[in-house]
Amino acid sequence: QVQLVESGGGLVQAGGSLRLSCAASGVTFSTYHMGWFRQAPGKEREFVASISGSGTWTYYADSVKGRFTISRDNAKNTMYLQMNSLKPLDTAVYFCNADTRVTRPGVYWGQGTQVTVSS
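Let me sum up the structure you'll find in this document.

About the criteria used
Residues numbered from 1 in each chain as written. Predicted model: local features only at pLDDT ≥ 70, side-chain atom pairs only at ≥ 80, totals over all residues. Heavy atoms only, no water. 1 Å grid on protein atoms, 1.4 Å probe; cavity = no way out; pocket = protein on both sides within 12 Å on 5 of 7 lines; lining within 4 Å. Points joined across faces, edges and corners; volume = space filled by probe spheres on them. Buried < 20%, exposed > 50% of the residue type's maximum accessible area, 1.4 Å probe, protein only. Helix = DSSP H or I, 4+ residues; strand = E, 2+ residues; numbered from the N terminus. Pairing = 2+ DSSP bridges. Contact = heavy atoms within 4.5 Å. Polar contact = N/O pair within 3.5 Å; in protein donor to acceptor, adjacent residues only side chain to side chain.

This next bit is on the layout of surface pockets. Of the pockets and cavities examined, the largest pocket occupies roughly 220 Å³. Around the largest pocket, the lining is made up of 13 residues, and of these R38, A40, K43, E46 and L89 lie nearest the centre.

Okay, the pairing of strand 4 (residues 34-39) next. A regular strand carries its side chains on alternate faces of the sheet. Of all six residues that make up strand 4, five are buried, and the element is covered over most of its length. In this structure, strand 4 lies alongside strand 5 (residues 46-51), joined through five bridges in antiparallel fashion. Bridge pairing in strand 5 places M34 opposite I51. Examined bridge by bridge, strand 4 and strand 9 (residues 92-98) share six bridges and lie antiparallel to one another. Counted as the bridge partner of R38 is Y94 from strand 9.

With respect to the element layout, R72 can be found in strand 7 (residues 68-73). A sequence separation of 45 residues divides R72 from V117, and the C-alpha atoms of the two residues are 24 Å apart. With sequence-adjacent residues up to four places away left out, R72 is seen in contact with F29, S30, Y32, H33, M34, I51, S52, G53, G55, T78, M79 and Y80. In terms of polar contacts, R72 uses its side chain to reach the backbone carbonyl oxygen of S52, at 2.8 Å.

Written out as structure tokens, the structure is:
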């Protein structure tokens with residue numbers, strides 16, 4: 001049974017930083033491409049970033065390119081999202097996803113973690 005558990009969300013001022021983590025279990029983690037998605041109130045869930053199983057390639061939404069960095073530690077079955085220069089528009093629930101295909105989500109989701117950026 002695949003389980004994805006996000007952590008690291010919170011309240012931060014504009015310009016600040018947060019690091020999200022996604023701990024995976026029930027999967028051979030290194031064989032899964034992984035991704036982060038987010039959903040703001042009243043909006044559809046959108047792609048943020050993805051990373052290959054080995055960590056060799058990464059892909060970002062234009063809105064976060066240059067500010068966010070996705071990474072993974074396969075020895076710890078954990079994926080990360082380092083978010084810098086945060087903006088109020090980044091406020092959303094952030095979801096971890098497994099079996100992501102570049103920008104398309106796979107079927108496995110975490111429960112989400114709230115990120116709130118105040119102006």
